[in-house]
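Close look at the chain arrangement
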Amino acid sequence: MKKLINTVEDVVKESLEGMAAAHADLIAVHYDPDFVVRADAPIAGKVGIISGGGSGHEPMHGGFVGKGMLDAACPGAIFTSPVPDQMLEATKAVNGGAGVLHIVKNYTGDVMNFELAAELAQAEGIEVAAVIVNDDVAVKDSTWTAGRRGVGTTVLMEKIVGAAAEGGANLAECTRIATKVNDHGRSMGMALTSCIVPANGKPTFDLGENEMEIGVGIHGEPGRTRMELKSAREIVEIMAEAILTDLPFASGDNVLAFVNGMGGTPLIELYIVYNELAKICAAKGITIARHLIGDYITSLEMAGASITLLKLDDELTRLWDAPVHTPALRWGA
Amino acid sequence: MLITAGHIIRFLERVAYTMHTQREELTQLDANIGDADHGTNLDRGFAAVVSKLPTVADKDVGTILKTTGMTLISTVGGASGPLYGTAFIRAAGVLAGVETVNPEQLVAALEAALEGVQTRGKAQRGEKTMIDAIAPGVDVLKAAQGTDEPFLAVAERALAAVEAGMQATIPMLATKGRASYLGERSIGFQDPGATSSFYIAQALFAMLQEAVAQAEVVS
């Protein structure tokens with residue numbers, strides 16, 4: 001294992017310390033229990049928006065804490081959900097009296113730990129609502145699985161709901177908008193390589209020189225199918241087909257196209273992916289009204305990409321365009 | 001035979017030792033069909049439990065188990081933290097204020113622990129989870145209640161049932177937890193949660209052997 005770290009045990013903590021040192025104007029980091037919180041929290045009368053999950057997906061979630069996005073983020077160990085103590089303390093820290101919304105990616109551990117935290121916070125008199133993100137079309141949504149995973153749409157939800165809360169939306173409104181984003185967003189990922197969890201020291205799975213994993217998750221976990229490596233055009237066709245037919249997206253739709261790098265993919269390749277996606281959307285009469293391209297929800301050093309399409313309406317477009325100022329996402333502010 | 005707080009403490013220390021020594025194996029099992037953190041997480045959690053034990057060593061069994069459950073929830077993360085944490089807290093509920101545990105109370109506590117895992121995980125048997133290891137063991141213990149078979153012999157059969165349940169997860173299709181994302185590809189791998197449950201059952205059996213041996217010395 002070659003990694004730019006000091007010690008395996010201190011990876012998450014030292015990275016948080018670095019964020020705190022770099023972005024003291026935007027965020028503060030609380031340790032034991034660990035959470036990243038807006039420097040100006042709590043904001044009286046504003047709904048608090050919290051997310052969290054395993055570390056290793058940077059900049060998600062800590063990089064999205066700030067004005068117009070998250071009020072707090074709870075980082076677990078790498079690829080391990082945070083514990084309830086973190087969400088409970090973060091919930092208390094951002095509670096401005098208008099309630100707190102938990103944005104939870106649909107993984108068994110995340111859901112259970114957030115549920116426990118919500119129960120504890122409610123017992124302390126804080127109004128808490130939760131929205132589950134489950135946008136990964138690679139997973140069959142049936143009683144035969146834990147349900148679809150939460151992936152790329154999470155980033156878009158955090159931005160859009162963050163803007164709604166910043167604009168004064170109440171908890172019920174924030175919950176409605178978050179649910180709408182989840183209902184309108186679909187994603188799929190693929191990997192060219194696995195990734196190495198520092199504590200393990202070796203790749204989570206092995207991929208041959210000419211192999212790729214389609215439908216991969218964001219935890220280095222294997223995907224649904226392994227196949228021979230194809231051209232970017234063919235790969236994007238496979239992913240776009242799965243996404244477009246699932247919602248389904250239709251001619252005349254306006255969408256936000258999010259091409260995300262998994263951590264080890266150069267931007268030059270992400271633009272090739274975007275180019276293929278734009279051609280497919282154009283051919284289907286779908287207008288890419290907004291886009292986001294880059295590494296926003298990663299799996300350590302995994303090479304690969306995910307595509308998320310979010311069907312936009314006026315409300316979602318307006319909230320997407322609203323000012324945001326966080327360590328990883330900034331415009332209009 | 002009676003189980004004291006001292007027995008429970010040594011049981012927890014045994015579990016922590018096993019999770020530490022089997023950490024790589026559990027993590028590798030998890031890498032096959034999950035996200036490669038099960039051994040790391042349980043090692044961290046039970047090490048935290050052991051460090052808390054001196055503060056509760058003079059307390060009743062219920063308090064020790066409740067502290068164990070709360071510590072696991074606060075330190076393990078993932079799904080196994082809330083699941084094992086809930087199991088210990090439910091067992092603690094049955095044994096609240098109890099200084100010495102008899103076999104009937106132990107079986108009732110294990111039954112409550114299993115129910116806790118099922119409720120928290122919304123899972124049933126046959127879904128390739130820790131329930132597939134725990135439930136067959138609880139079945140054996142319950143079925144033997146009211147018979148005159150020595151409890152240690154019953155417990156030995158229960159441990160064998162847990163081991164068989166763990167092995168039976170290999171051909172199962174996962175329908176809960178992260179392994180379920182693999183669909184058919186989850187078949188052929190032993191479930192890491194069922195495996196860690198077997199290690200806990202082994203430590204429980206070792207505790208019973210110790211309690212029985214000490215009871216024989218006394219009588």
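All residue numbers here refer to positions counted from 1 along the written sequence of the relevant chain. In the order they appear in the text, chains get letters beginning with A and ligands get numbers beginning with 1. Given that this is a predicted model, residues contribute local features only at a pLDDT of at least 70 and side-chain atom pairs are listed and counted only at 80 or more, while totals for whole chains, interfaces and linings are drawn from all residues. For the side-chain quantities, the full set of heavy atoms in the structure was used; hydrogens and water were omitted.

**What to know about the domain arrangement of chain A**
Residue and element names in this part refer to chain A. For each domain, the first and last residues come from an automatic or database assignment. Assigned domains within chain A: domain 1 (11-184) and domain 2 (185-321). With centres defined by C-alpha atoms, the gap from domain 1 to domain 2 works out at 22 Å. Counting residues at the interface gives 36 residues for domain 1 and 39 residues for domain 2. A combined buried area of about 3000 Å² lies between domain 1 and domain 2, and 63% of that area is made up of carbon and sulfur atoms. Contacts: residue pairs with any heavy atoms within 4.5 Å of one another. Buried area counts how much accessible surface, traced with a 1.4 Å probe, disappears from two parts once they are put together, with both parts' losses summed.

**Notes on the environment of Asn210 of chain A**
Residue and element names in this part refer to chain A. By the criteria applied, helices consist of DSSP H or I runs no shorter than four residues and strands consist of E runs no shorter than two, each listed in order from the N terminus. For Asn210, the location among the structural elements is in the loop between strand E7 (185-191) and strand E8 (211-214). Relative accessible area decides the class of each residue, using a 1.4 Å probe on protein chains only: under 20% of the type maximum gives buried, over 50% gives exposed, and in between gives partly exposed. The class for Asn210 is exposed, based on a relative accessible area of 54%. Separated by 84 residues in sequence, Asn210 and Ile126 place their C-alpha atoms 52 Å apart. In this structure, Asn210 is in contact with Met227, Glu228 and Leu229, ignoring residues within four places of it in sequence.

**A closer look at empty space enclosed by the protein**
Residue and element names in this part refer to chain B. A cavity here means a set of 1 Å grid points, computed over protein atoms only, where a 1.4 Å probe fits but cannot escape. A pocket is an open set with protein on both sides within 12 Å along at least 5 of 7 lines, and lining residues have an atom within 4 Å of a point. Grid points are joined across faces, edges and corners, and a volume is the space filled by probe spheres set on the points. Within this structure, the stated rule accounts for one cavity of 30 Å³ or more. Here the largest cavity defines a volume of roughly 530 Å³. If you go around the largest cavity, you meet 30 residues; those closest to its centre are Leu110, Ile134, Ile200, Ala201 and Leu204. Listed by contribution, the elements that provide at least two residues to the lining of the largest cavity are helix H1 (5-21), helix H5 (80-94), helix H6 (103-121), helix H7 (131-143), helix H8 (151-168) and helix H9 (192-218). The element contributing the most residues to the lining of the largest cavity is H9, with seven residues.

**Description of the pattern of salt bridges**
Residue and element names in this part refer to chain A. What counts as a salt bridge is simple: a side-chain nitrogen of Lys or Arg found within 4 Å of a carboxyl oxygen of Asp or Glu. Evaluated as defined, the whole model comprises 32 salt bridges over all chains. The partner of Asp40 in a salt bridge is Arg38, and the shortest N-O contact between them spans 2.9 Å. We classify Asp40 as partly exposed; its relative accessible area is 43%. A single salt-bridge network, built from bridges that share partners, covers Glu173, Arg176, Lys180, Asp313 and Glu315.

**A closer look at the interface of chain A and chain B**
Accessible area lost on assembly of the parts is the figure often given for the size of an interface. At the junction of the two partners, chain A supplies 37 residues and chain B supplies 33 residues. Where chain A abuts chain B, roughly 2600 Å² becomes buried across the two surfaces, and 51% of that area is made up of carbon and sulfur atoms. Summed over the shared surface of chain A and chain B, the number is three salt bridges. Here Arg120 of chain B and Glu119 of chain A are joined by a salt bridge, their closest N and O atoms 3.9 Å apart.

**Regarding the sheet that holds E7 of chain A**
Residue and element names in this part refer to chain A. An order of E9-E8-E7-E12-E10-E11 is seen for the six strands of this open sheet, with the pairing classed as mixed. The open sheet has two edge strands with one neighbour each: strand E9 (225-228) and strand E11 (287-294). Here the average twist between neighbouring strands, direction ignored, is 20 degrees. With respect to the sheet, helix H4 (residues 153-166) is in contact with E7, strand E10 (254-261), E11 and strand E12 (304-311), its orientation differing from that of E12 by roughly 45 degrees. Simply put, an axis is a line fit to the C-alpha atoms, just over the touching stretch for a helix, and the angle between two N-to-C directions goes from 0 to 180 degrees. Along the sheet, helix H6 (residues 232-246) makes contact with E7, E8, E9 and E12, crossing E7 at roughly 155 degrees. When DSSP locates at least two bridges between a pair of strands, those strands are taken to pair.

**So, the environment of Leu72 of chain B**
All names here are of chain B. Along the chain, the position of Leu72 falls in helix H4 (residues 61-75). A residue is classified by how much of its surface remains accessible, and Leu72, at 0% relative accessible area, is buried. Along the sequence, Leu72 and Ala48 sit 24 residues apart, while their C-alpha atoms lie 7.8 Å from each other. Aside from chain neighbours lying at most four places away, what touches Leu72 is Gly45, Phe46, Val49, Gly77, Gly81, Tyr84, Gly85 and Phe88.

**Thoughts on the packing of aromatic side chains**
Whether two aromatic rings pair depends on their centres lying within 6.5 Å, for rings of Phe, Tyr and Trp, where Trp uses its six-membered ring; planes under 30 degrees apart make the pair stacked, over 60 edge-to-face, and the rest tilted. Applying the stated criterion to the full structure yields six aromatic pairs over all chains. The interplanar angle of 45 degrees and the centroid separation of 6.1 Å between the aromatic rings of Phe198 of chain B and Tyr199 of chain B together place this pair among those described as tilted. An identical accessibility class is assigned to Phe198 of chain B and Tyr199 of chain B; each is buried. An aromatic cluster is present here, built from Phe64, Phe258 and Tyr296 of chain A joined pairwise through their rings. Comment: the charge-over-ring label is applied if NZ (Lys) or CZ (Arg) is within 6 Å of the ring centre and within 35 degrees of the ring normal. Sitting above the plane of the Tyr181 of chain B ring, Arg149 of chain A keeps its charged end 4.8 Å from the centroid.

**Section: the nonpolar core**
It is characteristic of soluble globular proteins that their nonpolar side chains tend to be buried jointly. Buried residues of nine kinds, namely Ala, Val, Leu, Ile, Met, Phe, Trp, Tyr and Cys, make up a nonpolar core once their side-chain atoms join them within 4.5 Å. One finds Phe11 and Phe46 of chain B to be the most contacted residues of the largest nonpolar core, which totals 64 residues. The set of elements that each furnish at least two residues to this core consists of H1, helix H3 (38-56), H4, H5, H6, H7, H8 and H9 of chain B. The greatest single-element share of this core, amounting to eleven residues, is contributed by H9 of chain B. Ranked by size, the runner-up nonpolar core spans 63 residues in total, among them Leu26, Met60, Ala191 and Val216 of chain A.

**Some remarks on the layout of surface pockets**
Space left empty within the atom packing is revealed by a probe, the size of a water molecule, rolled over the atoms. In this structure, the largest pocket spans a volume of roughly 970 Å³. Around the largest pocket, the lining is made up of 37 residues, and of these Glu9, Asp34, Gly76 and Ala77 of chain A together with Arg44 of chain B lie nearest the centre. Broken down by secondary-structure element, the contributors of at least two residues to the lining of the largest pocket are helix H1 (11-22), strand E4 (72-78) and helix H2 (84-94) of chain A together with H3 and H4 of chain B. Residue contributions to the lining of the largest pocket peak at six residues, all from H3 of chain B. Domain assignment of the residues forming the lining of the largest pocket places at least three in each of domain 1 (11-184) and domain 2 (185-321) of chain A. Taken as a whole, the second largest pocket spans an internal volume of roughly 810 Å³.

**With respect to a nonpolar patch on the surface**
Residues and elements named next belong to chain A. Patches were defined on residues exceeding 30% relative accessible area and lacking a salt bridge, with like-charge contacts within 9 Å and nonpolar side-chain contacts (Val, Leu, Ile, Met, Phe, Trp, Tyr) within 5 Å. All accessibility values rest on the Shrake-Rupley procedure with a 1.4 Å probe; residue burial counts only the protein chains present in the view. On the surface, a nonpolar cluster with roughly 220 Å² of combined accessible area is contributed by Met1, Ile5 and Val8. Along the chain, the position of Val8 falls in the segment before H1. Residue classification places Val8 among the partly exposed positions, given a relative accessible area of 31%.

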